[in-house]
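Observations on chain architecture
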Amino acid sequence: MAFAKPSIKRRLVRYVPSITIMVAYSCIPLLGIRGFWLDVLTRANIFALLTLSLDLYSGTTFYLNLGISFIAGSSAYVVALLYRYLGMVPEYSIIPAIAVAIALSTVIFLPSIRVRGVYFSVLSLLLPLIMVSLITSQPLSLYLGGEGGIPLPSLFSSYARMLPPRERIPFLQLTWFYLTTALTIVAAVLSYKLAYSNFGFMLRAIGQDEELAEASGIDTTRVKLLGFLVSSTLAATAGALYAAIRPPVTVDVLIPANTLVPPLTAVILGGMGTIIGPLATNYITIVAYELLWDAIGRWRTIAYMLLLIVLVILKPQGVVFHIYLKLRKAIATKLSSVTWR
Amino acid sequence: MGELEYILLFGLFHSVTYLVFSLGFSLVFGVARLPNLAYGSLYVLSSYLAHALSSYAGLEMYWAVPTAVLLAGAVSLVVGELVVKPALKMPVSVFITTMAVAYIVEEVLNMLMGLRPVVLSLYPGTSSILGIAVSNHWLLVVGVCILMVISLTIFLLRTSTGRAIRAVAESWEESMRLGIDPLRVLRVTFLVTGIYAGVTGVLLAPLKAMTPSAGWSPLFAAFAIVVLGGVGNLIGTVVASVIYGLLEQAVVYFLGGGIARVVPLLIVVLTLVVRPQGLLGRGE
């Protein structure tokens, strides 16, 4: 089906809010924000990749990929192990780690991607927990770092050492922030394009009714596998970056409460499959999570879970994306009334 | 020969406990059409409740244990009513809500009781079976588990509620045409399976260290057993429990407890590759 392409003006008007937000976000360090909050935003960028990974596949197909912790954890551990056994620093090990994590997760998940039903979701939840057991118990704990994890130098630390001591940490914080921001922007644009392309609609068709999608000529296994590969690439990138920026690599990266629940909350609260909603929600929830620390301390995890339950039951279609649509419409109406020359 | 006897004996003991736990899991899976990820938390919760009732409320163990089991059943009922029933329209929701409940239970126990494992007192004494010294508590566990399997089978086959559960597990639409209220059946199923998870928890608490996260391991074992045996297949579940129990004990004996955690993963992946409908399950 062919739709008439909107005019350049209309397209520009449509993208103005998103482009403004991206530019404004990139300028945050110019406002003098440094230290803890810049670290929080860097972490939010990494979690944004996980959120996009979850939303692109699970938000469209409704096959819950609870194994993003496994994929992210695998690439984080490969980064750490490449340093421990081959002396490879994160600057060089990030890309091989992403490739290994994708290959590993594809081999394990392929049988469950082929069949319908809940097998994929349960298997994806099972994997990270098994990996935690393997890493923390004998004899593998001797090779995989056990509870203490694997130490490694952080990304770009070798360059930072050439600077005067006072400038090292600000340099690293800024570099990490801009690197993760750039990657997140690229990933967000690609995910958005993909989610609303023909391929994205095929994923959504599978989510609505897999049998019907198959009957209408979609090779569902192939589409699911391709969707899974793209989603895994994002999760593996997040894991490798997390390892490189926040060493040492410990089993914390594999525990779903740490690396699955925040993106899952963002996807549900943001609006499944909408990409923009979950992405915005990711930043709101991570900043809110840090602000809540003083108020409710460790109870914040429980607050997250309760929010998740209430949202899933009362607002399964999400909240943030609808607010975004209303805002965009209001801005577009304002801009349309301006005469362009 | 000693090794083989040990693996056989403890493999069968574990199989019986897995069978009871998996039957409850399979029943909810059949009726709600989705796995209840909070099922493992009921197993942990019952042992923590029994510990709390005996240590802090001063109840005798023979009162604390049944009270804890009934409370686990009540919690399961509440989970079914408040968290599962409203989310049934969207299958993916049940998955998320029950997982969230599991993490809430884990976090609350972590904060209230800490990471130190809870161990309930053992039924005293040892007996010798095949020349192997076995704790009498294991014999009690096996006896109670066998009784529970028999009573569940009679309940499902001989009572009208049991028949209604089987009908709903077969088809929600058809059962409604027969005048069965599937939501009432769901309620009963959650209560019964909560009690089954609770009994397994208090029975195994003296033998295994119960930590707040201890519920995931039996949950995955139950999932592997249900996948291997075929969803909703009683005989398949029995056969799969025996295979699982023996395989797990063999791996524990020869390779250690850490590696044994891979057993459910191995079973699920191999079953999905070779026979996705399970050993005795029907094809799509």
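All figures in this text were calculated on a predicted structure; none of them were measured in a lab.

Now for the overall build of chain B. Of the regular secondary structure elements, chain B holds twelve helices and two strands. Starting at the N terminus, the α and β elements of chain B follow one another as α-α-α-α-β-β-α-α-α-α-α-α-α-α. Here the C-alpha coordinates of chain B stretch approximately 55 × 50 × 35 Å along the principal axes. A buried classification covers 51% of the 284 residues belonging to chain B. When contacts within chain B are restricted to residue pairs at least 6 apart in sequence, long-range pairs at least 24 apart make up 74% of them.

It is worth spelling out the overall build of chain A at this point. Counting its regular elements, chain A contains 16 helices and zero strands. Computed over the C-alpha atoms, the radius of gyration of chain A is 21 Å, within 12% of the 20 Å expected from 2.2 N^0.38 for a compact globule of 341 residues. The principal-axis extent of the C-alpha atoms belonging to chain A is close to 60 × 50 × 40 Å. Put simply, chain A has 341 residues, and 45% of those count as buried. Expressed as a percentage of contacts within chain A between residues at least 6 apart in sequence, the contacts between residues at least 24 apart total 76%.

This part takes up the interface of chain A and chain B. Size of an interface: often given as the accessible area lost when the parts come together. Between chain A and chain B, the contact holds 33 residues from the first and 33 residues from the second. Of all the elements in the fold, those that place two or more residues in the side of chain A that touches chain B are α4 (90-114), α5 (119-136), α13 (261-270) and α15 (300-314) of chain A. Take the side of chain A that touches chain B: its biggest share by element is ten residues, from α5(A). By residue class, the composition of the side of chain A that touches chain B is 26 nonpolar, six polar and one charged.

So, on to unusual backbone geometry. Residues and elements named next belong to chain A. The residue after proline 247, namely proline 248, is reached through a cis peptide bond having omega 0 degrees. Tracing the sequence through the fold places proline 248 in the loop between α11 (220-245) and α12 (256-259). At phenylalanine 62, a position not held by glycine, the phi torsion is positive, near 65 degrees. Looking at the secondary structure, you find phenylalanine 62 in the loop between α2 (36-61) and α3 (68-86). With a phi angle near 60 degrees, isoleucine 275 is a residue other than glycine that sits in the positive phi range. When you line up the elements, isoleucine 275 lands in the loop between α13 and α14 (276-296). Owing to 27 C-beta atoms within 10 Å, isoleucine 275 belongs among the buried residues under this scheme.

This part is about helix α9 (residues 198-208) of chain A. All names here are of chain A. Burial in α9 covers these residues: Met202, Leu203 and Ile206. What you see down the axis of α9 is that its buried residues fit within an arc of 100 degrees, all on one side. Counted as exposed and oriented over 90 degrees from the buried face of α9: Asn198 and Gln208.

Turning next to helix α12 (residues 262-274) of chain B. Compared with an ideal rise of 1.5 Å per residue, which puts 13 residues at 18 Å, α12(B) spans 18 Å between its outermost C-alpha atoms and is within 8% of the ideal. Here α12(B) has its buried residues at Val263(B), Pro264(B), Ile267(B), Val268(B), Val269(B), Thr271(B) and Leu272(B). Lining the buried residues of α12(B) we find α4 and α5 of chain A together with α9 (216-229), α10 (234-255) and α11 (257-260) of chain B.

Moving on, we come to the pairing of strand β2 (residues 132-135) of chain B. All names here are of chain B. Judged from the four bridges that link them, strand β1 (residues 126-129) and β2 form a sheet pairing that is antiparallel. For threonine 126, the partnering residue across the bridge sits in β2 and is serine 135. The turn joining β1 and β2, which pair antiparallel and follow one another in sequence, is formed by two residues; a positive phi near 50 degrees is taken by leucine 130.

Next up on the list: the packing of α2(A) against α14(A). Residue and element names in this part refer to chain A. Interaxial distance between α2 and α14 falls to 9 Å at its minimum, and their mutual angle equals 140 degrees. Relative to α14, α2 is oriented oblique. Crossing angle aside, the handedness with which α2 passes α14 is right-handed. Residue-level inspection shows Val40, Arg43, Ala44, Phe47, Ala48, Thr51, Leu52, Asp55 and Gly59 of α2 in contact with α14, the latter providing Pro278, Leu279, Asn282, Tyr283, Ile286, Val287 and Glu290.

Of all residues in chain B, 98% attain a pLDDT of 70 or more, and the chain-wide mean is 86. Interface confidence for the predicted complex, given as ipTM, is 0.81, next to a pTM of 0.82.

A few words on the environment of Phe171(A). Residue and element names in this part refer to chain A. Within the secondary structure, phenylalanine 171 sits in helix α8 (residues 165-195). C-alpha separation for the pair phenylalanine 171 and valine 79, spaced 92 residues apart in sequence, amounts to 22 Å. Once residues lying within four places of it in the same chain are set aside, the contact partners of phenylalanine 171 are Ala160 and Leu163.

Further remarks concern the nonpolar core. Ala72(A), Ala76(A), Val79(A), Ala80(A), Ala240(A), Leu308(A) and Ala224(B) are the most contacted members of the largest nonpolar core, which has 190 residues in total. The element best represented in this core is helix α1 (residues 2-32) of chain B, accounting for 15 residues. Discounting chain neighbours no more than four positions away, the residues touching Leu308(A) are Leu264(A), Thr265(A), Ile268(A), Ile96(B) and Ala100(B).

Parameters and conventions
Residues numbered from 1 in each chain as written. Chains lettered and ligands numbered in written order. Predicted model: local features only at pLDDT ≥ 70, side-chain atom pairs only at ≥ 80, totals over all residues. Helix = DSSP H or I, 4+ residues; strand = E, 2+ residues; numbered from the N terminus. Buried ≥ 20, exposed ≤ 12 C-beta atoms within 10 Å, placed from the backbone. Contact = placed C-beta atoms within 7 Å. Rg over C-alpha atoms; globule rule 2.2 N^0.38 Å. Nonpolar A, V, L, I, M, F, W, Y, C, P; charged D, E, K, R; others polar. Arc of directions from axis to C-beta. Expected span 1.5 Å × (residues − 1). Pairing = 2+ DSSP bridges. Axes fitted to C-alpha atoms, helices over the stretch in contact; angles between N-to-C directions. Parallel < 35°, antiparallel > 145°, perpendicular 65-115°, else oblique. Left-handed = near helix turned anticlockwise from the far one by under 90°. pLDDT = per-residue confidence, 0-100. Core = buried A, V, L, I, M, F, W, Y, C linked by C-beta atoms within 7 Å.

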